[in-house]
Number of protein chains: 4
Amino acid sequence: MRKKDDEKERSIKEAVIKLILEEGFHGASISKIAKMAGVSPATVYIYYENKENMLQNIYNEYSEDIFDYLLSCVDLKMDGQQLIEILIRSYYNYIIQNKEIFSFVEQFSNCPSLVNSCSGKKGVCHIYSLIEDMKKKQIIKNYRYDNLLAIIFYPVKAIAVDNHKSEAERADLLKEMIIIIQDAVLIQ
Amino acid sequence: MRKKDDEKERSIKEAVIKLILEEGFHGASISKIAKMAGVSPATVYIYYENKENMLQNIYNEYSEDIFDYLLSCVDLKMDGQQLIEILIRSYYNYIIQNKEIFSFVEQFSNCPSLVNSCSGKKGVCHIYSLIEDMKKKQIIKNYRYDNLLAIIFYPVKAIAVDNHKSEAERADLLKEMIIIIQDAVLIQ
Amino acid sequence: MRKKDDEKERSIKEAVIKLILEEGFHGASISKIAKMAGVSPATVYIYYENKENMLQNIYNEYSEDIFDYLLSCVDLKMDGQQLIEILIRSYYNYIIQNKEIFSFVEQFSNCPSLVNSCSGKKGVCHIYSLIEDMKKKQIIKNYRYDNLLAIIFYPVKAIAVDNHKSEAERADLLKEMIIIIQDAVLIQ
Amino acid sequence: MRKKDDEKERSIKEAVIKLILEEGFHGASISKIAKMAGVSPATVYIYYENKENMLQNIYNEYSEDIFDYLLSCVDLKMDGQQLIEILIRSYYNYIIQNKEIFSFVEQFSNCPSLVNSCSGKKGVCHIYSLIEDMKKKQIIKNYRYDNLLAIIFYPVKAIAVDNHKSEAERADLLKEMIIIIQDAVLIQ
DNA sequence: CATGAATGAGGCTTCATTCAT
DNA sequence: CATGAATGAAGCCTCATTCAT
């Protein structure tokens, strides 16, 4: 009896997100994935029940990743200004450094037919207590949690995914955006 | 007999965006599209050179739609507060009332392989002069255009696409969001 | 618009029953069928919704064939002896001369998973009135219809499908079998 | 430890014939068989060289079963009437009580590609001496052996496999059929 | 212009079988 | 002996596109 090969599962996953970045969601066929992962098409079905299941599995694994990363970057001893800056910069950096994963998660999220049939734990909850805590400490204004999340992260996304701009331009935009957001959500 | 042609093209377009909302990007095959549009698969190729071309065509047609709509909603005689509110509400309403189109445009935009090979005129330019005008009039703070656009529209999108919430909840969030954005971008 | 080609449908059907005789029910893959019929695999799906449907369709077409043939061979002016002989010989000849069709129908009938999901009009009804008529005329003994059918046709089948015997041997057996059946079912 | 092996082989065999009844000949894949038998697919290849071999093996084991059973039911002290009745009723009962085995053997027999490449000892020989003996004793008419076999058993099969009828109806048919056959083959 | 027929290529998945433990 | 992992080949079917009317 051979053991399940973690290496193989990993290379399959990597092939999926890489292919989906390069060729879009529909260009990632099982045979291409298998070829890129260096396994037989049949092997994919040892690790995943079928293609849809595979995508949802990978989505569930990575969709929370970014928030775990954010939490690992912040420190409760930071003051409000620092904290917002770190959150935003970390979010931005994650997108830049994990293009493939981010693109995969975004494409998946935007596809109603996929995301609706997905078990879908909203992984955002980890960051909930952080935000609520800062509201109680009167560091962040008392806006609704969902709105705070939207304000802090969505505009940054717009900068990060804009490939028409140079890195320098985007760094400038980001700098200004941090100030805008700090002004918007911090008390004083 | 011209009218009939236009109708066919329209019904094809509608079939495309409807199918892509319902079954995702890869569920929209030419034969399904043709069936839903009530035409033969061969007919599709009278109006479009091939499938990719067709999608890009439709994308180009609809990707600017939202900004045209926004401009049609605002009035230069409005004050700053009003204007921001109208922009945001209009944007929100467009998404709600044009789910299919919005979903199509979003999915297309997020697919690198499609959007990169697209002629891609940045349709956002229409709104550029409006924003710049308000900056000159010292109504809106002197932030970079891209950031202003991101701040005003991206967070709203988060509210509009969140299907886990009731209409009432989303209306509440929107109300608050308008205030947040007004505070962030208006002078005083 | 091209018209549906009757030739093509016929060659597909023939390929199916020929292949199933040669290679058994499971050796008849769509691609082999298509190759033998001289069409593309995709073409098969223009004429049949799917494989199961195709097989059922062909079964329904041929399962009654033999009884139509039998009826075309008999004549109401025949006496009882003649009639039984003709029925048996015709049945035998049909099997010999339509090996492929007969084998297909038999294999299909014996496969519960196929035959149960089949619309399945019992085509035997055509011969019903013939038998009942002869019972009324006191030519054939007053046995139940189903039993008469079984007695007249089933033993003959055993002779016809026995490939271990020479043609001459089978002719001898058939001759004797006719007498046995005549004795069994005719009055006097 | 021997017992365990035999059990595995038995459970594989049972899985094969059960699956073939339920899902037809082509629905019985090695992996399904293994799953149903509670063993690994690889284990099947310890007991059988390959799939075709396995099927032929099982066929050879069961194809004679019914005749062994028949012989175990009859007694040479019975008179002709009794003997025919017992033979027929036993044959009928075997089919009813061993649906799976019978269906497997029938499907296999009707598949030329399988049965032709089969070592194929005609298992019917056991019953040969019984029939010939009764012919010598002038109990059964002096018809050819093959025809007697066909007359006695084939029509019964028609009743046994007809699932459109109730058990009661079939019992009635069987009762009459016994009389028909007795009349046909017994002297006086 | 419009069509349904036709197709080779490729989609996902399962197959029978072998490998390595 | 027994296993689950692994695989190339092949299964069915649908795809985007073209053909012929």
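Reading the values: the criteria
Residues numbered from 1 in each chain as written. Chains lettered and ligands numbered in written order. Predicted model: local features only at pLDDT ≥ 70, side-chain atom pairs only at ≥ 80, totals over all residues. Heavy atoms only, no water. Contact = heavy atoms within 4.5 Å. Salt bridge = Lys/Arg side-chain N within 4 Å of Asp/Glu carboxyl O. Helix = DSSP H or I, 4+ residues; strand = E, 2+ residues; numbered from the N terminus. Nonpolar A, V, L, I, M, F, W, Y, C, P; charged D, E, K, R; others polar. Least-squares fit on C-alpha atoms with pLDDT ≥ 70 in both. Buried < 20%, exposed > 50% of the residue type's maximum accessible area, 1.4 Å probe, protein only. Arc of directions from axis to C-beta. UniProt positions renumbered as here; feature names shortened; annotations may be inferred.

Draft legend 1. Expanded view of the interface of chain C and chain D. Across the boundary between the two partners, chain C contributes 35 residues, which contact 36 residues of chain D. In this structure, Asp-146 of chain C and Lys-165 of chain D form a salt bridge, with 3.3 Å as the shortest nitrogen-oxygen distance. Looking at the side of chain C that touches chain D, the elements with two or more residues in it are α1 (6-23), α7 (99-109), α8 (112-115), α10 (145-160) and α11 (167-185) of chain C. Residue classes in the side of chain C that touches chain D are distributed as 16 nonpolar, nine polar and ten charged.

Draft legend 2. Local environment of the arrangement of the chains. In this view chain B stays clear of chain C, with the nearest C-alpha atoms of the two still 10 Å from each other. Considering only C-alpha positions, the minimal separation of the non-contacting chain B and chain D is 29 Å.

Draft legend 3. Just the relation of the copies chain C and chain D, in detail. Between chain C and chain D, which share one sequence, the superposing operator has a rotation angle of 180 degrees and an axial displacement of 0.1 Å; the RMSD is 0.2 Å. In the structure described here, the two chain copies are related by an operation that fits a two-fold rotation axis. Comparing interface residues between copies, 100% of those in chain C also lie at the interface in chain D; the contact surface is shared.

Draft legend 4. Up close: the relation of the copies chain A and chain B. Once turned by 180 degrees and shifted 0.1 Å along the axis, chain A lies on chain B with an RMSD of 0.2 Å. Taken together, the interface assignments show that 100% of the residues at the interface of chain A recur at the interface of chain B, consistent with an identical surface on both copies.

Draft legend 5. Examining helix α2 (residues 30-37) of chain B more closely. All names here are of chain B. Where α2 is concerned, the buried positions are Ile-30, Ile-33, Ala-34 and Ala-37. Buried residues of α2 fall within an arc of 100 degrees about the axis and therefore sit on the same side. Directly beyond the C-terminal end of α2, a positive phi value near 75 degrees is found at Gly-38.

Draft legend 6. Layout of the UniProt feature "DNA-binding region" (unreviewed entry) in chain A. The UniProt entry lists residues 29-48 of chain A under the feature "DNA-binding region" (unreviewed entry), expressed in the numbering used here. Secondary structure within residues 29-48 of chain A divides into 75% helix and 0% strand; the distance between the first and last C-alpha atoms comes to 14 Å.

Draft legend 7. Broad picture of the UniProt feature "domain: HTH tetR-type" (unreviewed entry) in chain A. The UniProt entry lists residues 6-66 of chain A under the feature "domain: HTH tetR-type" (unreviewed entry), expressed in the numbering used here. This span, residues 6-66 of chain A, is 77% helix and 0% strand, and a straight line between its end C-alpha atoms measures 23 Å.

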